[in-house]
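# Fold and geometry: a report
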Amino acid sequence: MPHPDAMPATIGRRGFLGGVAAAAATLGLTACGVSGTGGAAEAGRASGTAGTGAAGGRQIATDNGTITVPEHPERVIATVNYEALMLLDLGLVPVGVPDGTAQKTLMPAAAYEKLKDVKTIGAPGAPNAQAIAALKPDLILDQFYKDKTTPLATIAPVAFFNWADSGALWHQQIAKIAKAVNREDRLTAAKQRYQARLAEVSATYREQIENSTWVSLSGGQGGKVYLGSPLLTVMRDLGLKIGAGIPADESGFVEKSYEELDVLNDCTVVLYAGQFEGAATPPTQELLKNELWKDVPAVKAGRAFPMKHYIIASYTFALGAVDEIEAALKTL
């Protein structure tokens, strides 16, 4: 699973509004194409899965047209790391995930335990057709690699929901996936838990929220800093005022240099990208060691906090972020 402080090489920043496209097309995920000897069509025929799984099913609208999917998909392939986390929110463990999806440093322990033994199907952007066919899926999900996953329709229906440059928010994407797997009731329950927690924290810390200004950020390569991330969607849901000159319609990532860290001077609290185990990733560690960072008022005041739930792709992550923000609010 890509690190939250790695920026994409090929997708424009404005396409990330509230999404995790930034992390899904990052360094290290450069392979492309559908791999596997013989290709998707042959893999589908060899496994006996081609043309199956959709009979007597439902029709759903996707960004690759209207497709027929099973009434209740059970053997779902996630071709993007974040789909796996979304499926867990819906009570469904995928049968196949991209290489590197299960990492203790980047997800809660409960999610890691559910995903650590799931079969892998190749790197994001390079799905292995034969590995996928061997898992006999009844639905394949994709949000970034339409050209690479379209051939997989000979194995099972492919539901493509464009996140790469659509400007969709994370909660809009998970709603599409919930409909595809026919688990909208699970989504409703997760959303209600999130909304209840927002209301609780907003009411309890109203004064602190009204009298503070916040920002989220991560370190980047070459002395760069990226202001904002999908975490901003949760921060705004809580009613937090966002500083550092981040536009109201922006969720990440706004590039700055270390020399421009004075943009943070209006911020009472700084939330930076952390991990679930160990220290922050190397680019953010470099930022934290820099003397210009140490001069930021919020840092001097002891109000710079690491966020494990920095990249938001599910309500579980959003709820975790609310808990971490609440801990920061208690210090004000």
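## What to know about the overall build of the chain
- Scanning the chain from N- to C-terminus turns up 14 helices and 13 strands.
- Each of the 332 residues in the chain was classed as buried or not, and the buried ones make up 56%.
- Taking the intrachain contacts of the chain between residues at least 6 apart in sequence as the baseline, contacts between residues at least 24 apart amount to 67%.
- Only carbon and sulfur atoms are counted for the fraction: they give 49% of the accessible area of the chain, which is about 13,300 Å².

## What to know about the pattern of salt bridges
- For the structure on display, the rule yields 9 salt bridges.
- For Asp323, the salt bridge is made with Arg197, and the minimal N-O distance between the two is 2.9 Å. One end of the pair, Asp323, is in helix H14 (residues 315-329); the other, Arg197, is in helix H8 (residues 184-204), with 126 residues separating them in the sequence.
- Through salt bridges with shared partners, a single network forms among Arg197, Glu200, Asp323 and Glu326.

## Here's the deal with the packing of H8 against H14
- In contact at an axis separation of 10 Å, H8 and H14 are set at 10 degrees when each is read in the N-to-C sense. Between H8 and H14, the angle is such that the two are roughly parallel. Residues Leu187, Ala190, Lys191, Arg193, Tyr194, Arg197, Leu198 and Val201 of H8 form the contact with H14, whose own contacting residues are Tyr315, Ala318, Leu319, Val322, Asp323, Glu326 and Leu329.
- Across the contact of H8 with H14, the residue classes tally to 10 nonpolar, no polar and 5 charged.

## What to know about the pairing of strand S12 (residues 269-273)
- With 5 of 5 residues buried, S12 is to be regarded as a mostly interior element.
- Of the strand pairs in this sheet, strand S8 (residues 213-220) and S12 are connected by 4 bridges, and their pairing is parallel. Counterpart to Trp214 in the pairing with S12 is Val269.
- With 4 bridges connecting them, S12 and strand S13 (residues 304-307) associate as parallel partners. For Tyr272, the partnering residue across the bridge sits in S13 and is Pro306.

## Some words on the packing of aromatic side chains
- Applying the stated criterion to the full structure yields 7 aromatic pairs.
- Ring centres of Phe144 and Tyr145 lie 6.1 Å apart, and the angle between their planes is 50 degrees; on these two criteria the pair is classed as tilted.
- For the pair Trp170 and Tyr315, a centre-to-centre distance of 4.9 Å together with 70 degrees between the ring planes defines the contact as edge-to-face. Within this pair, whereas Trp170 is found in helix H7 (residues 170-180), its partner Tyr315 is found in helix H14, the two being separated by 145 residues in sequence. When sorted by exposure, Trp170 lands in the same class as Tyr315, which is buried.
- Put simply, the rings of Phe144, Tyr145 and Trp163 pair up and form one aromatic cluster.

Rules used in this analysis
Residues numbered from 1 in each chain as written. Predicted model: local features only at pLDDT ≥ 70, side-chain atom pairs only at ≥ 80, totals over all residues. Heavy atoms only, no water. Helix = DSSP H or I, 4+ residues; strand = E, 2+ residues; numbered from the N terminus. Buried < 20%, exposed > 50% of the residue type's maximum accessible area, 1.4 Å probe, protein only. Contact = heavy atoms within 4.5 Å. Areas by Shrake-Rupley, 256 points an atom, 1.4 Å probe, with all protein chains shown as cover. Salt bridge = Lys/Arg side-chain N within 4 Å of Asp/Glu carboxyl O. Axes fitted to C-alpha atoms, helices over the stretch in contact; angles between N-to-C directions. Parallel < 35°, antiparallel > 145°, perpendicular 65-115°, else oblique. Nonpolar A, V, L, I, M, F, W, Y, C, P; charged D, E, K, R; others polar. Pairing = 2+ DSSP bridges. Phe/Tyr/Trp six-rings, centres within 6.5 Å; stacked < 30°, edge-to-face > 60°.

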